[in-house]
Amino acid sequence: MHGNLRLGFALFALAFFISNSAVPRTVIAQWLEVPIGRDNHGQPLKATVSPNGNDAAVRVLVVNAGAWIRTISVDDLPEALELSAIDLLLTKRTFPPRGTAYNDGDIAGLYFWRWLGSQGFDHVLIVGDDGHDLKKALETNAVAKMGTIPSTVVASPEHLEALLQSGNLAARHPDNAATERRKRADRTPIEVATALAAHYGRRLDSIAYIPSLAVIGRQRLGELTGNQKWNAEANAVITPWLEQDHTTNSGKVPGASTVAGYLVFVDAFDRDGEARARKIVQNVASIGIDRKTGEPVDVVPNHSEMSDSVFMDPPLLAAAGRLTGDPNYFQACLNHVRAIQKLCLRTDGIYRHSPLDQAAWGRGNGFPALGLALVLSEMPSTWPGHAELVDDFQHHLAALLPYQDATGMWHQVIDHPESYPEFSCTCMLTFAMLRGMRLGILDEEIYGEPAARGWAAIKRRIDTNGLDLTDVCTGTGKQKDLEAYFHRTAILGKDDRGGAMALMLATEQGFRDREHPAQD
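A short tour of the structure in this document, coming up. Here the structure is a predicted model, which means the values were calculated and not measured.

## Considering the overall build of the protein chain
Scanning the protein chain for helices and strands turns up 21 helices and 10 strands. Computed over C-alpha atoms, the radius of gyration of the protein chain comes to 25 Å, within 12% of the 24 Å expected from 2.2 N^0.38 for 520 residues, which places it in the range of a compact globule. Burial status across the protein chain gives 59% buried among its 520 residues. Counting only contacts in the protein chain whose residues sit at least 6 apart along the sequence, the fraction spanning at least 24 positions is 71%. In the protein chain, 50 positive and 62 negative side-chain charges are present, and the distance between their average locations comes to 4 Å.

## A closer look at the sheet that holds strand E7 (residues 123-127)
Sheet architecture is open: six strands sit in the order E1-E2-E4-E3-E7-E8, paired in mixed fashion. Two strands lie at the open edges of the sheet, namely strand E1 (32-38) and strand E8 (151-154), each paired on one side alone. On average, each strand axis in the sheet is tilted by 25° relative to the strand beside it, whichever way the strands run. Sheet topology places strand E2 (residues 44-49) next to strand E4 (residues 81-86); two bridges connect them, and they run antiparallel. Bridge pairing links Ala47 to Ile86 in E4. Across the sheet, helix H4 (residues 132-140) is in contact with E7 and E8; its angle to E8 comes to roughly 170°.

## Some details on the pattern of salt bridges
Summed over all chains, the structure comprises 27 salt bridges. Taking the shortest distance from any N to any O, the salt bridge between Arg322 and Glu378 comes out at 2.4 Å. In this pair, Arg322 is assigned in helix H14 (residues 314-324) and Glu378 in helix H16 (residues 362-378), connecting sequence segments 56 residues apart. Its salt-bridge partner being Asp392, residue Arg338 comes within 2.5 Å of it at the nearest N-O pair. One end of the pair, Arg338, is in helix H15 (residues 327-344); the other, Asp392, is in helix H17 (residues 386-400), with 54 residues separating them in the sequence.

## Remarks on the packing of helix H7 (residues 189-197) against helix H21 (residues 496-515)
For the pair H7 and H21, interaxial distance at closest approach is 8 Å and the crossing angle is 155°. When the interaxial angle is binned, H7 and H21 end up roughly antiparallel. Every pair of crossing elements has a handedness; the one defined by H7 and H21 is left-handed. Each of Pro189, Val192, Ala193, Leu196 and Ala197 in H7 lies in contact with H21, whose residues at this interface are Ala502, Leu503, Ala506, Thr507, Gln509, Gly510 and Asp513. Across the contact of H7 with H21, the residue classes tally to eight nonpolar, three polar and one charged.

## Focus: the packing of helix H3 (residues 107-119) against H4
Where H3 meets H4, the axes come as close as 12 Å, and the angle between the chain directions of the two elements is 45°. The pairing of H3 with H4 is recorded here as oblique in orientation. Of the two elements, H3 crosses H4, and the hand of that crossing is right-handed. Contacts between H3 and H4 pair Phe112, Trp113 and Leu116 from the former with Leu134, Ala137 and Leu138 from the latter. Of the residues assigned to the contact of H3 with H4, the class counts are six nonpolar, no polar and no charged.

## Quick look at empty space enclosed by the protein
In total, this model carries one cavity of 30 Å³ or more according to the counting rule given. Approximately 30 Å³ is the volume attributed to the largest cavity. Forming the walls of the largest cavity are Gly117, Ser118, Ala144, Met146, Arg184, Arg460, Arg461 and Thr470. Along the lines of polarity and charge, the residues of the lining of the largest cavity split into two nonpolar, three polar and three charged.

## Focus on the pairing of E1
Sheet analysis places E1 next to E2, joined by six bridges and oriented antiparallel. In the sheet register, Arg38 faces E2, and the bridge partner there is Pro44. Linking two consecutive strands that pair antiparallel, namely E1 and E2, is a turn of five residues; a positive phi of about 85° is found at Gly42 within it.

## Comments concerning helix H11 (residues 263-272)
In terms of burial, H11 is a largely internal element, seven of the 10 residues being buried. When we look at burial in H11, the residues that qualify are Leu263, Val264, Phe265, Val266, Asp267, Ala268 and Phe269. With its phi angle positive at about 65°, Gly273 sits one or two positions after the end of H11.

## Overview of the nonpolar core
Counting 144 residues, the largest nonpolar core has Phe112, Phe265, Phe311 and Leu397 as its most contacted members. The biggest single contributor to this core is helix H18 (residues 423-439), with 10 residues. If we skip the residues at most four places from it in the chain, Phe112 touches Ile36, Leu45, Leu61, Val63, Ile86, Leu88, Phe95 and Leu134. Membership of the second largest hydrophobic core comes to 17 residues, among which are Trp31, Val74, Leu81 and Leu125.

Cut-offs applied
- Residues numbered from 1 in each chain as written.
- Predicted model: local features only at pLDDT ≥ 70, side-chain atom pairs only at ≥ 80, totals over all residues.
- Heavy atoms only, no water.
- Helix = DSSP H or I, 4+ residues; strand = E, 2+ residues; numbered from the N terminus.
- Rg over C-alpha atoms; globule rule 2.2 N^0.38 Å.
- Buried < 20%, exposed > 50% of the residue type's maximum accessible area, 1.4 Å probe, protein only.
- Contact = heavy atoms within 4.5 Å.
- Lys, Arg positive; Asp, Glu negative; His and termini not counted.
- Charge placed at Lys NZ, Arg CZ, Asp CG, Glu CD.
- Pairing = 2+ DSSP bridges.
- Axes fitted to C-alpha atoms, helices over the stretch in contact; angles between N-to-C directions.
- Salt bridge = Lys/Arg side-chain N within 4 Å of Asp/Glu carboxyl O.
- Parallel < 35°, antiparallel > 145°, perpendicular 65-115°, else oblique.
- Left-handed = near helix turned anticlockwise from the far one by under 90°.
- Nonpolar A, V, L, I, M, F, W, Y, C, P; charged D, E, K, R; others polar.
- 1 Å grid on protein atoms, 1.4 Å probe; cavity = no way out; pocket = protein on both sides within 12 Å on 5 of 7 lines; lining within 4 Å.
- Points joined across faces, edges and corners; volume = space filled by probe spheres on them.
- Core = buried A, V, L, I, M, F, W, Y, C linked by side-chain atoms within 4.5 Å.

Listed below in structure tokens is the structure:
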């Protein structure tokens, strides 16, 4: 009922403005034109949006009347209404769109459909008689697993204006995508983490970074809530691994994902003081020490020339340095970071994924940011190389700040806003900012607001049950060119990688909130 009244008021206010304003029908440059994806030919698909996003506003999207919308002054729109517009050919288009996001089938339709869902519009107004199929699809499907969206078809922009003046849209606001969006946005970090923990971090079938981070996330949730069941469940899946042989004396270096997976034993030792866990960490971290000379290696040879490797090896090496007191592990960590930077760090301060191409893959930047955040959590500030790595960390995140979009997300290709907003890299970058502020090495005045927007954006992309996630890039090795990164599948639904990163972020936000309680 309250939603109906609020939407009716907002649309009445807009109608009053339209009918009484003396502003001529010329394009006013107060609107923003933002890319929301690409079409099947690689051309950007753009939407017209208000420059002042307001999560509390009623959101109305107008389809195929972009030129008409841009004749309205943004400043004269009521604060309770946020209006957006997009022009999209609807003839011969099927909804929900066919194909795999965003590399097969109706690519433009897929971008449009998932954008609609992630925005959680209260109402969609469709101009043109070819809009009836879209209207039916919006009202009978959970758009991008967010919910249905009430819609109205009008014949022309003139009819659109008459509809807005009538205020009849107030009756078309049932519980839908907008309600789900607001429910997601209202959750606390502990509520989000608890929902995620119902699905992620329950198993440790292999030692690899994805299941290990999820198990660590469950441990952190237990610490935040004081509910020992989370810790007991995590310990139950870790304990069998403590009895196994993790020797690396054969000379074969474990794969990068496996090495990062051993962070679960760092966490186990820190929580329970289990001597066996520390021994396992030291044993695996020996990959950073030359077996013949006893000196730190120049680089751990499992990097595959990818920027991911700043996360895969250095945090475990740094943790081994802390647990053993041997600074050779710290030096091996620094050497490895320097080697990967030489391969992958671009002159603009962000990482290409590999030397094969200059593409700044989203997770290919999330990994270095997360990696150094964890390294700097392990390494004492008194160690000589600490200041160098702090400088690296600060410069990388400063270089990434301009690429955060208006919704709070970073994208599949960092410097290509027409690529999709990517879930996992946004989790990793937001975590890195939160951890950097907690460590006192990032300025709260600079990073507090971007981190808050990143967290808010991720909450909107995790369903209320904690299972379905919106647009997690599938597993990705180094690709031969930029286009290949655009074509990596964006997962909508359950995803273990995304779930693990979201658990780490939600608990990190929980720790921040506990240390900095909101002021009344």
